[in-house]
Amino acid sequence: MIHIDNLSKSFTLHNQGSTVIPVMAGAALEVAGGECVGLTGRSGAGKSTLMRMVYGNYLAAGGRLLVGGLDVARAQPREIIRLRRDTLGYVSQFLRVVPRVPTLDVVAEPLLALGTPVEQARQRAADLLARLNIPERLWSLSPTTFSGGEQQRVNIARGFAHAYPALLLDEPTASLDAANREVVLGLIEEAKARGAAILGIFHDEGARARVCDRLVDVTGFTPQVAA
Amino acid sequence: MTLMETMVATDRPLLKVEGLTKGYGPRIGCAGVTFDLWPGEVLGIVGESGSGKSTLLSCLAGHLRPDLGSIHYDGRDVLAMGETERRCLGRTDWAYVHQNPRDGLRMGVSAGGNVGERLMAIGARHYGEIRGKAVAWMDRVEIAADRVDDRPSAFSGGMQQRLQIARNLVTSPRLVFMDEPTGGLDVSVQARLLDLMRGLVRDLGLSVVIVTHDLAVVRLLAHRLMVMKSGHVVEQGLTDQVLDDPQHSYTQLLVSSVLQV
């Protein structure tokens, strides 16, 4: 589902003396359907950078990055917009939403974008919010005022609303209590069972051991700077 | 499934712009602007004052005649159209939300009349229905129904802007041009409008070209982003990619200059 081959990335800081910072070279990995691959490496090694490149959020400098047959490294914005709507989901660590929109609608939005009837989309959103222990009295409120853990669960509900064939998870269990952590791990296991390809960053070692089939250390993708 | 059907059925851009150039004497307004806009897509245009954003928008909407280049709307050559045909398009398929609401409203006509007038221009004749629709749209932009008979001159600047948006969207246009539409609005109303616009884009497959200074607004509303400097497009791409991994020095400066709230 996800094939990465000889992927590289550098940042050019035009306003800071045109410094070029190579951050990745020769990255390669595969994630098949029904498989969960965990990215490891110390902080700053490039785990999030790689995830952002897969999502099309960072531009690749070179190499191939296939998601569901589309080369994200070369795709037109319009193709990536479609990929994100149909195929590729992303649970980031931060919730970014239009203020004042009720939580139920925030979670239902990915389904509405696919043309799911409103009632059906809201029902799916309600099921997920209930499962993630967000009290029903909060559903009509905007998540912007929620606690960190609640916002993260809203983000997870939104990411799992549509059965994406490929899913990126950035520390999905980071600020959760034991009960909610268990719910999230259950959701990940169900997604794998239905054949989703999952690429994730898990600092929670127990979670990593339970859901990941393989681990890839991104330290191997760090460019060797000539001394 | 309206939007999805539209997007699958029409593999043709709604708006196709090639090499659009407009000068003011020796000065460049905008130069060599090329892009495609598909149904259901929102294109944001950002850049500093004087970078050519508004000139470009005026050329696209037919308010200014470009010196060079071409504009095709739904396969039709816009620049080859006669005045009548273009005006008809402006009343039906297109809408233009001005930066200053006074440019987009009729100040001597009631608020309800301002909204209803657009409906009458496309053939609505039943007074009750027109008034009902006008009140419903005023509600969507959070103007109380008891202000329907007041003139816009009695409204605050923010209310005038919301009324202008209602007037423009009431006829369900396919393409909306917006010039700094949320500039003078309270943040709470701005949020409401962003949600409204997103819903219309999603449910009706509306296409939007929006010029703004506000990077937070484009991040939440625009699918794609164009960055202009001195009349030229210096960078374009997916909105979050341009904002999070800007390639051009000017975009890097723009993004790094935003104050954090």
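Everything below is about the structure printed above this text.
Just so you know, these numbers come straight off a predicted model, no measurement behind them.

**Observations concerning the pattern of salt bridges**
Counted by the stated rule, this structure contains 32 salt bridges over all chains. Note that Glu109(A) is salt-bridged to Arg198(B), the shortest N-O span being 2.6 Å. Highlighted residues: Glu109(A) in helix H3 (residues 103-113) and Arg198(B) in helix H8 (residues 187-204), drawn from two different chains. Between Glu117(B) and Arg167(B) there is a salt bridge, with the nearest N and O atoms lying 2.7 Å from each other. Here Glu117(B) is found in helix H5 (residues 111-121), whereas its partner Arg167(B) is found in helix H7 (residues 157-169), with 50 residues between them in sequence.

**Looking at the side chain of Ser92(A)**
Summarising the element assignment, Ser92(A) is placed in the loop between strand S6 (88-91) and H3. A distance of 2.7 Å separates the side chain of Ser92(A) from the backbone oxygen of Phe94(A), its partner in a polar contact.

**Details of the sheet that holds strand S6 (residues 94-97) of chain B**
Spatial strand order, S6-S7-S8-S3-S9-S10 (chain B): six strands in an open sheet with mixed pairing. Across the chains shown, the open sheet's two edge strands, defined by having one partner strand only, are S6 and strand S10 (232-238) of chain B. Across the sheet, the axes of successive neighbouring strands diverge by a mean angle of 15°, strand direction being ignored. One ladder, built from five bridges, connects strand S7 (residues 175-179) of chain B with strand S8 (residues 207-211) of chain B; its direction is parallel. Across the sheet, residue Phe177(B) finds its bridge partner in S8(B), namely Val209(B). Lying over the sheet, helix H2 (residues 77-86) of chain A contacts strand S9 (224-229) and S10 of chain B, oriented at roughly 25° with respect to S10(B). Here H7(B) sits on the sheet and contacts S6 and S7 of chain B; the angle it forms with S6(B), its principal contact strand, is near 175°.

Scoring rules and cut-offs
- Residues numbered from 1 in each chain as written.
- Chains lettered and ligands numbered in written order.
- Predicted model: local features only at pLDDT ≥ 70, side-chain atom pairs only at ≥ 80, totals over all residues.
- Heavy atoms only, no water.
- Salt bridge = Lys/Arg side-chain N within 4 Å of Asp/Glu carboxyl O.
- Helix = DSSP H or I, 4+ residues; strand = E, 2+ residues; numbered from the N terminus.
- Polar contact = N/O pair within 3.5 Å; in protein donor to acceptor, adjacent residues only side chain to side chain.
- Pairing = 2+ DSSP bridges.
- Axes fitted to C-alpha atoms, helices over the stretch in contact; angles between N-to-C directions.
- Contact = heavy atoms within 4.5 Å.

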